[in-house]
Amino acid sequence: MRPFCYSHQRRYGLLIGLLLSCTTMLSTHIHAQDSDIDYAGDIPHYVEQALEAGIEHQYSGAWEFFVGGGVSSFDCNADRFPDLFIAGGEATAGLYINRSKPGQSLQFEQDKTSSLALKDVLGSYPIDIDNDGHLDLVVLRLGANQLFKGGKNCTFTPANSLWNFDGGNAWTTAFSANFEKDLDFPSLAIGNYVDRTAPGSPWGTCDANELHRPAARSTSQAEDNAESQSKNSMGIPQYDNHQALTPGYCALSMLFTDWNKSGTDSLRVTNDRHYYRGGQEQLWRFDSGEYPRLFSRAEGWEPLVIWGMGIAETDLNGDGYPEYALTSMGDTKLQVLDLQQAIEENRPVYEDMAWARQATAHRPYTGDDLKPSTGWHSQFADVNNDARTDLFIAKGNVENMQDFANFDPDNLLLGTQANTFSEQGEKAGLAKDTRGRGANVVDLNADGLLDIVVVNREDNVSLFRHAGMQHDDGPRAGGNWLKIELQQSGANRHAVGATVSIKTGNLVQTRRVQVGGGHASGSAGFVHVGLGVAERATLRVQWPDEQWSAPYKLFANHHVIVKRDQDTALQWFPVEKLD
Amino acid sequence: MRIPPKLQPQFLLNNLTNMFSATPFQLSCLMLLLSLSISAHSDQNTLWSEHAIPAIPDTLNKQGKLDSATLQQLIEHGELLFDARFTTLDGAGRPMATQAIIPTKRKRAPRTEFSRTAGLDANACSSCHNVPVIGGAGDFSANVFVSEGFVQSDFDTTDPQFSNERNTNHLFGAGLIELLAREMSRDLQTSRIQALQQAKTSGEAIKQTLQSKGVSFGSLQAFPDGTIDTANVEGVDIDLVVRPFSHKGVMTSLRQFTVNALNHHHGIQAIERFGARWTDNADFDADGYENEMSEVQVSALVAWQASLPPPSTLKTDNKPWQAAARAGEQTFNDIGCAACHKPYLLLENLDFHDPGPLDAAGTLRNSEVNGRVYPLNLLTWASTLERDANGHYKIPLFGDLKRHVISDQQVAALGNELLSQRFVERNVFMTTELWGAASTAPYGHRGDMTTLSEVIDAHGGQARPSRDSWQSLSKEQRSNVIAFLKTLIIDPVKASAE
């Protein structure tokens, strides 16, 4: 550089000053614009309408019902509109039949004569246990758990005796199920909370969890497999024996998950540190033919101690491996797999990305209460159909816990292009002064927009209808979407364990059909995918036996039914509700 | 607000750093450059502006059913845009976005912004649509190379494994075409609902034939549980939306095509597809310009295209030609050409709603805005449309807005593409509307056939019987058919009259 003389300095100084001023002004302008555009995408407009929809239902009760409070969404009368079974705690659980019309206000009618109207219910999960095409229901209770065999028109028959299922007498708070290889019926994992009968209860007295495996297929059955599958003559499930999964650390959610894409599920359990001693989060491995055992530290499992309350799974980064959101008191965890260690050494090592992705949701996003919040049900979904995964978390103080936020609204974390999340619960209309527990994010009126039902402790259920995307002139249409139902014959008709892969442009989104997770709340039915501005999508299904389907070419904004033995997908229209 | 690259902080800072070694002359040049870039931005309305996109008159923001004067203003503005040779000052260029219809980022900017293969491949819409006049078709030299633009988006070869080479279609009568397609989609979807209701009522599966305006689209089967089997649907997408635009028949609307083409050919990104709502970024293509094409600007382009008069029939004074054309038209019908190249389809209504009823997210939808209605009956040419006894308009398109297999083992010339497009197989194309054919050579979707006779000879697949009949005609009969087709013109005078 040449010498910088004074005369130059003066002249250049003026110019530099001028340019710096211009630069500063422009920068300021641009930054001001950026801050104005806090979140540029669509924000759903939710309208709470539980009472108008005919749902007057509270989850209530003493200490045993501080936890739980689940809601199942599933179709029990073959109209493909999800019906709701809502836990009541000490009060009676309720089955609400969906009478909504497409895209219109939600309407439900309680089936007051249902055999499901039990007390002491904490949660439930739907699954077709006996492969008859009707969804059955696993009801989690304080006391004996109850399996119900589903029939036509939302009829349910108690089936513990029929299926030799021992409902036990524990305080059950979590559930997951999958179809293990070579078994025609699902394996049922039961998560229990505090053993109230143990000395010193409740502290350090977490109950054992349970694994109920169906009786293995007999040799003759295996030989007749093809015939069995075609005739659905697999007999009836028998759960004569069950195994304890110990140690138990007061599970509040569990989920069968294929964390390493091995084709064999492991069982992920999130536990409540409030009551365990020496406990941690757990991952049970199910090696073929062996008794389940926990992944150890030597195998890469890092101890994690949280007030675990809900598990949600999705593939956030499109690598085919699942990520997990774990709700807790304070920070939500967002665990991303260390891919290298997983692939090369089969080690389940996770990094918490919640802070980096702005998904901690650690305190209320509105109001004056700055204490940590309390997360329960968590669920990934695309609520604005922009092809980016969002995260819903039900929030609510346990029961007068002074160290935690009392006003603790539910979260709606909308995914961004930068793979972060933006909290939009307040703008979306979810910031209610309720104490949420279980929930479901599900399209209740067949319009492709995900509604939200939240079970509240000592308060009425919140039923948030998705009325469209917010706009100055009123709600408007959002991005494109697809809803996909899978069917196969024989065992596992609803294809639990299948992976749905949806390709639009260079984007591949995956959804896995699972039973479990959340907080005491299960769902079955259409898999929903937001497509953004794509008007077409190519779908491939990896069925539970790991066989891939041929591609299905689908048009956006439709319900489709993929039957394993058919080359083309069927379309479904809500004809039941047509005027 | 658009901030030109030369006014952006990074540019200014770079020059500031360099100034420490600048001579007074260089400094003066810098100041001049700075003042020019400021004036270039601020003087958009000067006569010597290097902007090509004109300012939008406030009057164009009117919504609802437009009156004649407003419609005319919108059309005129649309023509300005259609003919504008977009510059970088308008936001032309997409250094970090591909040509894909779904906003897709490039991994790195291309070395050269313009490319005859992957684009940018044109300066104006009218660069290609100009035969015989603006809005018309294009020469072989104006072919485009259509690829998805998701992977290998920067192909630099005409090898057909990377793109489908397509000749430019004319746009005359395009508004009427879209209106026909909307009514046909409505008919097909109504049939679907009726079948579902019948199945529900009867408790049995119902086979429903699909037909609209005399065109058959196969059938579907409806089941009592509300499901539909579309395996036997023919010539239309299984969502029963008739997509009338492009050789392949895969574009729903002029609006959708316009948004696609602005990005593909010019790097001008419409807000309704590439804006921050969908991409979190008002400058998705990273060319330094935000919000490059507004909703009303796209509407103006749509209005201009929709208002283009339909091609006409030449009323020749030449007696031999008149006689030959009459005979040729009869032969055209007799050998089955008119089965697909239907002389006319009936249209019920001339109100062109923008946005239309069938687009999906990414193209503006009527569920998002209070749109505009362009009453095409206000246009001069509308009075020349023939009507039937029911008052419906006879639209003489010589097409059926249906897709067909157009090649076979022996006659394969039109099955020359290697890539399917938007779920439509490589050898399937929409029936080309023949109106205006005499004015829009060359022929075939690649534009590589110089005469009408050649392209008729190339018809295989479902058109094979008619093509074989054509070949078995006498020389005179074939000449008569050509005489007839040569009367289907775009009259430059009428085309410019509106």
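Residues numbered from 1 in each chain as written. Chains lettered and ligands numbered in written order. Predicted model: local features only at pLDDT ≥ 70, side-chain atom pairs only at ≥ 80, totals over all residues. Heavy atoms only, no water.

## With respect to the overall build of chain A
Along the backbone of chain A there are six helices and 37 strands. Counting all 579 residues of chain A, 60% fall into the buried class. Taking all contacts inside chain A whose residues are at least 6 apart in sequence as the whole, residues at least 24 apart take part in 61%. Approximately 21900 Å² of chain A is accessible, and the part contributed by carbon and sulfur atoms is 47%. (Helix = DSSP H or I, 4+ residues; strand = E, 2+ residues; numbered from the N terminus. Buried < 20%, exposed > 50% of the residue type's maximum accessible area, 1.4 Å probe, protein only. Contact = heavy atoms within 4.5 Å. Areas by Shrake-Rupley, 256 points an atom, 1.4 Å probe, with all protein chains shown as cover.)

## Topic: the sheet that holds strand S10 (residues 372-375) of chain B
Residue and element names in this part refer to chain B. Here three strands make up an open sheet; going across it, the order is S1-S10-S9 and the pairing mixed. Looking along the sheet, the strands with just one partner apiece sit at the ends: strand S1 (64-65) and strand S9 (351-354). Pairing of S9 with S10 involves four bridges; the strand directions are antiparallel. Bridge pairing in S10 places Phe352 opposite Tyr374. (Pairing = 2+ DSSP bridges.)

## Some thoughts on the packing of aromatic side chains
Pairs of aromatic rings are described using the distance from one ring centre to the other and the angle between the two planes. Residues and elements named next belong to chain A. A full pass over the atoms with the stated rule returns 24 aromatic pairs over all chains. When the ring of Tyr193 is compared with that of Tyr275, the centres are 5.7 Å apart and the planes differ by 90°; the resulting orientation is edge-to-face. You can see Tyr193 sitting in the loop between strand S11 (187-192) and strand S12 (209-212) and its partner Tyr275 sitting in the loop between strand S15 (266-271) and strand S16 (282-285), a full 82 residues away along the chain. Across the pair, Tyr275 and Tyr193 agree in class, each one buried. Relative to Phe286, the ring of Phe256 has its centre 5.5 Å away and its plane inclined at 70°; by these criteria the two rings are edge-to-face. (Phe/Tyr/Trp six-rings, centres within 6.5 Å; stacked < 30°, edge-to-face > 60°.)

## Points about the state of the cysteines
Residues and elements named next belong to chain A. Enumeration according to the criterion identifies two disulfides over all chains in this entry. Linked covalently through their sulfurs, Cys76 and Cys154 form a disulfide whose S-S length is 2.0 Å. Because the torsion about its S-S bond is 85°, the bridge between Cys76 and Cys154 counts as right-handed. In this pair, Cys76 sits in the loop between strand S2 (71-74) and strand S3 (83-86) while Cys154 sits in the loop between strand S8 (146-150) and strand S9 (156-158), placing the two residues 78 residues apart along the sequence. (Disulfide = S-S within 2.5 Å.)

## With respect to the confidence of the model for chain A
Residue and element names in this part refer to chain A. The predicted model of chain A has a mean per-residue pLDDT of 91, with 90% of residues at 70 or higher. Here residues 1-37 is modelled with pLDDT under 50, and outside its nearest four sequence neighbours on either side it reaches 35 contacts, counting other chains as well. Considering only residues more than four positions removed or in separate chains, one finds that residues 218-232, a stretch of pLDDT under 50, has 13 contacts. (pLDDT = per-residue confidence, 0-100.)

## A short note on the pattern of salt bridges
Going through the model one piece at a time under the given rule, you end up with 44 salt bridges over all chains. Here Glu485 of chain A ties to Arg80 of chain A by a salt bridge, and the two come within 2.9 Å at their closest N and O atoms. Separated by 405 residues along the polypeptide, Glu485 of chain A in strand S29 (residues 480-487) and Arg80 of chain A in the loop between S2 and S3 bring together distant segments of the chain. Grouping residues by exposure puts Glu485 of chain A and Arg80 of chain A together as buried. The shortest N-O distance in the salt bridge between Arg255 of chain B and Glu272 of chain B comes to 2.8 Å. Of this pair, Arg255 of chain B sits in helix H5 (residues 254-266) while Glu272 of chain B sits in helix H6 (residues 271-274); the two residues are 17 residues apart in sequence, bridging distant segments of the chain. Relative accessible area serves as the criterion here: at 6%, Glu272 of chain B is assigned to the buried category. (Salt bridge = Lys/Arg side-chain N within 4 Å of Asp/Glu carboxyl O.)

## A look at the nonpolar core
Of all hydrophobic cores here, the largest spans 80 residues; its most connected members are Leu176, Tyr374, Leu376 and Leu401 of chain B. Considering each element in turn, this core owes the most residues, eleven residues, to helix H4 (residues 174-202) of chain B. In contact with Leu376 of chain B, not counting residues within four places along its chain, are Gly175, Leu176, Leu179, Ala306, Leu350, Phe352, Trp381 and Ala382 of chain B. Residues Phe74, Leu95, Cys154 and Cys250 of chain A belong to the second largest nonpolar core, which totals 50 residues. (Core = buried A, V, L, I, M, F, W, Y, C linked by side-chain atoms within 4.5 Å.)

## Some words on the confidence of the model for chain B
All names here are of chain B. Considering every residue of chain B, the mean pLDDT works out to 91; 91% of them sit at 70 or more. The low-confidence segment residues 1-42 (pLDDT under 50) makes 62 contacts with residues lying over four places distant or belonging to another chain. The ipTM, which scores confidence in the relative placement of chains, is 0.90 for this predicted complex, and the corresponding pTM is 0.91.

## A look at the side chain of Asn178 of chain A
Residues and elements named next belong to chain A. With respect to the helices and strands, Asn178 occurs in strand S10 (residues 172-178). By relative accessible area, which is 6% here, Asn178 ends up buried. Polar side-chain contacts of Asn178 include one of 3.1 Å to the side chain of Asp265. The residues contacting Asn178, other than those within four sequence positions of it, are Pro186, Ser187, Phe256, Asp265 and Val496. (Polar contact = N/O pair within 3.5 Å; in protein donor to acceptor, adjacent residues only side chain to side chain.)

## Side note on helix H3 (residues 68-83) of chain B
Residues and elements named next belong to chain B. A rise of 1.5 Å per residue sets the reference length of H3, with its 16 residues, at 22 Å; its end C-alpha atoms lie 22 Å apart and thus fit the reference within 8%. All of the buried residues along H3 are Thr70, Leu71, Leu74, Ile75, His77, Gly78, Leu81 and Phe82. In an axial view of H3, the angular spread of the buried residues amounts to 165°, which keeps them on one side of the axis. In H3, those exposed residues whose orientation departs by more than 90 degrees from the buried face are Ala69 and Leu80. Here the buried face of H3 lies against helix H8 (295-306) and S10. Where H3 begins, the capping side chain belongs to Asp67, and its oxygen is found 3.2 Å from the backbone nitrogen of Ala69. (Expected span 1.5 Å × (residues − 1). Arc of directions from axis to C-beta.)

## Side note on the packing of H3 of chain B against H8 of chain B
When two helices pack together, their arrangement is given by the angle between the helix axes and the distance between those axes. Residues and elements named next belong to chain B. Packing of H3 against H8 leaves a shortest axis separation of 7 Å and a crossing angle of 100°. The angle between H3 and H8 places the two elements in the roughly perpendicular class. Judged by residue contacts, Leu74, Ile75, His77, Gly78, Glu79, Leu81 and Phe82 of H3 engage Gln297, Ser299, Ala300, Leu301, Ala303, Trp304 and Gln305 from H8. Considering only residue class, the contact of H3 with H8 consists of eight nonpolar, five polar and one charged. (Axes fitted to C-alpha atoms, helices over the stretch in contact; angles between N-to-C directions. Parallel < 35°, antiparallel > 145°, perpendicular 65-115°, else oblique. Nonpolar A, V, L, I, M, F, W, Y, C, P; charged D, E, K, R; others polar.)

## Thoughts on the packing of helix H9 (residues 319-334) of chain B against helix H12 (residues 475-485) of chain B
Residues and elements named next belong to chain B. The interhelical angle for the contact between H9 and H12, taken along N-to-C directions, is 100°, at an axis separation of 6 Å. The angle between H9 and H12 falls in the class roughly perpendicular. Facing H9, whose interface residues are Trp321, Ala324, Ala325, Ala327, Gly328, Glu329, Thr331 and Phe332, H12 presents Asn480, Val481, Ala483, Phe484 and Leu485. Each residue belonging to the contact of H9 with H12 can be placed in one class, and the counts come to nine nonpolar, three polar and one charged.

## Structural notes on H12 of chain B
Every buried residue of H12 of chain B is listed here: Asn480, Val481, Ile482, Ala483, Phe484 and Leu485 of chain B. Looking at the buried positions of H12 of chain B, the neighbouring elements they touch are H9, helix H10 (452-457), helix H11 (464-472) and strand S15 (488-489) of chain B.

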